Amino acid sequence: MLTQHSWENMKILWLAAVAWCVLAPPAQASKSLEDIRCKCICPPYRNISGHIYKKNVSQKDCNCLHVVEPMPVPGNDVEAYCLLCECKYEERSTTTIKIIIIIYLSVVGALLLYMAFLMLVDPLIRKPDAYTQPLHNEEENEESRSLAAAPAPTGARANTVLERVEGAQQRWKRQVQEQRKTVFDRHKMLS
């Protein structure tokens, strides 16, 4: 089981990871090549199929002449071909993307840890329940009904929330069993 001390260690580790992701990338003064690019979309031209060209260039060099390499048309058709191409300068922040992914994975990981914790603790909290076994025939139904009708020992008190919830659950199960029996009896009578 995870103790309070281990939960605190996990919190500190998570905060350190987030702080590292936030503080480490600003140490790089210039943008990396993945953060900026020029993208030119060129449609089909004569016998040449359409194509998308990407290149890491500055914003002032974001045009067909600097991005489209190798040029698919001969020298005299370059200007006509470049007029058809649409070039856009794109800028993104890979640091922000990395931080969002780390936060997302941290939340998913925390939820998975919580699920595993509950799967380990749930059998320890729950008591064996005689009423959860499926009913296969009328005899088993009658037997479980007689067990449910038996009064609880007088010394037992519902003093915890868990015991009160389990008591309410048992009452609900008895009511469902009674309703099933009534419905099946009526069904047999009508058939």
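Predicted, not measured: the structure shown is a model, and the values here were computed from it. Position labels on residues start from 1 in each chain and follow its written sequence. Local features in this predicted model are restricted to residues whose pLDDT is 70 or higher, and side-chain atom pairs enter the listing and the counts only when it is 80 or higher, whereas totals over whole chains, interfaces and linings include all residues. Side-chain measures here rest on the full set of heavy atoms in the structure, leaving out hydrogens and waters.

For two strands to count as paired, DSSP must find a minimum of two bridges between them. Numbered from the N terminus, helices here are DSSP runs of H or I no shorter than four residues, and strands are runs of E no shorter than two. Pairing in this open sheet of 3 strands is antiparallel, and the strands run 2-1-3 from one edge to the other. The sheet is open, and its two edges are formed by strand 2 (51-55) and strand 3 (86-91), each paired on a single side. Within the sheet, the average angular offset between the axes of one strand and its neighbour, ignoring direction, is 20°. Where strand 1 (residues 36-42) lies against strand 3, 6 bridges are found, and the strand directions are antiparallel. Its bridge partner lying in strand 3, cysteine 40 is registered against cysteine 87. Lines fitted to C-alpha atoms define the axes here, with helix axes fitted over just the stretch in contact, and angles between the N-to-C directions of these axes take values from 0 to 180 degrees.

The next thing to look at is the pairing of strand 1. Burial along strand 1 is one-sided: Ile36, Cys38, Cys40 and Cys42 are buried, and none of Arg37, Lys39 and Ile41, which face the opposite way, are. Sheet topology places strand 1 next to strand 2; 5 bridges connect them, and they run antiparallel. Bridge pairing links cysteine 40 to tyrosine 53 in strand 2. Only protein chains enter the accessibility calculation, which uses a 1.4 Å probe; a residue whose area is less than 20% of its type maximum is buried, one above 50% is exposed, and one in between is partly exposed.

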